[in-house]
Amino acid sequence: MTLDQAVQHGHSPPDISESSPSDPSPDPSPSLGFSKGADTSEGLTAPPLDRVVPVSSRNRSVPRWVRRTAGPLTLLVLWQVLSATGALPAEILASPGTIAATAGDLVSDGTLPSAMGVSLQRVAVGLVLGGLIGVTLALVSGLSRLGEDLVDATVQMLRSVPWVGVIPLFIIWLGIGEAPKIALISLGVAFHLYLNVYAGIRGVDAQLVEAGTSLGLSRWGQIRHVVLPGALPGAMTGLRYSLATAWLALVFGEQVNADDGLGFLMNQAREFFRTDVIVVCLVVYALLGLIADFLVRTLERLLLQWRPTFTGQ
């Protein structure tokens, strides 16, 4: 019987306002995203909360300084064991204990601090001279097309020549004193700074220069506020490379008739087969290079605070 026929015969339509017991109403909790947990004021249950752990802190079960020192310490222990068992003779390479004792003796009698002072002075003078030359040439070549035509080809040609190979010419031109050593360091520093500063200047976004022109900046204003800040990251990279090259050039330069410095100590140790003294000088070279790199990194963080960088995970 249809609904219309039931009405005509006096029957009332069935009440469908309430659902039958056999059709249970669906639980509203899943649709609201709730699960069994703590009671809420509406009679519903709140989901349990899980602690969110940052990605950067998931691998910190072992401190970072422990991970960084594990490799060198393992190498030192292996070195000492090989020396103690005789597998590594002292004539080939002295043991770490012997090297540490030799370093203490060189420090106590003032030999090592004096040599370090002389070597640092040579690096500082060569770095300043080479930096002035490299940055000046990069500015001339990077800021002007005429300067690029006049400077860049010559610098690229000279850069192709191994700078260690010009030591004989420096000895002939400048003698065997301090001048050839400083000139060699300056030459190695100048090339790295030139290449990175030049690349930094030419890598500045042209749209930024156009925006500066639209804002009414003069030529000097564009260089000061747009070009030089944009080239600063490249300059910092060039400075780091230059410092590494300066220490390398110092090693070669101090082999040329040096009467003081770390290279002089290494030459003396070579004559008497003192591997312990040679390793002490090499360790000092490495430590000075690490300190210089740390200073440049600190300077880079101070000067480039405006540039967000990826620091790893």
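Residues numbered from 1 in each chain as written. Predicted model: local features only at pLDDT ≥ 70, side-chain atom pairs only at ≥ 80, totals over all residues. Heavy atoms only, no water.

**Some words on the pattern of salt bridges**
Counted according to the given criterion, the structure contains seven salt bridges. Of the charged contacts in the structure, one is a salt bridge between glutamate 148 and arginine 202, with a shortest N-O distance of 3.0 Å. Here glutamate 148, found in helix α6 (residues 145-159), pairs with arginine 202, found in helix α8 (residues 178-202); they are 54 residues apart in sequence, far enough to count as distant. For glutamate 148, a relative accessible area of 22% corresponds to the partly exposed category. Among the ionic pairs, arginine 240 bridges to aspartate 293, the shortest N-O distance being 3.0 Å. Placement of the pair is arginine 240 in helix α10 (residues 219-253) and aspartate 293 in helix α12 (residues 275-303), with a sequence separation of 53 residues. Owing to a relative accessible area of 28%, arginine 240 belongs among the partly exposed residues under this scheme. Here the residues in one salt-bridge network are Arg122, Glu178 and Glu254, joined through shared partners. (Salt bridge = Lys/Arg side-chain N within 4 Å of Asp/Glu carboxyl O. Helix = DSSP H or I, 4+ residues; strand = E, 2+ residues; numbered from the N terminus. Buried < 20%, exposed > 50% of the residue type's maximum accessible area, 1.4 Å probe, protein only.)

**Digging into the environment of leucine 76**
Positionally, leucine 76 belongs in helix α3 (residues 64-85). Sequence separation between leucine 76 and glycine 97 is 21 residues, and the spatial gap between their C-alpha atoms is 9.9 Å.

**Comments concerning the packing of helix α11 (residues 262-271) against α12**
Close contact between α11 and α12 brings their axes to 8 Å; oriented N to C, the two are set at 160 degrees. Considering the angle they form, α11 stands roughly antiparallel to α12. Crossing geometry of α11 relative to α12 is assigned as left-handed. Counting all contacts with α11, which are made through Leu262, Gly263, Leu265, Met266, Ala269 and Arg270, the residues of α12 involved are Val277, Ile278, Cys281, Leu282, Val284, Tyr285 and Leu288. For the contact of α11 with α12, the per-class residue count stands at eleven nonpolar, one polar and one charged. (Axes fitted to C-alpha atoms, helices over the stretch in contact; angles between N-to-C directions. Parallel < 35°, antiparallel > 145°, perpendicular 65-115°, else oblique. Left-handed = near helix turned anticlockwise from the far one by under 90°. Contact = heavy atoms within 4.5 Å. Nonpolar A, V, L, I, M, F, W, Y, C, P; charged D, E, K, R; others polar.)

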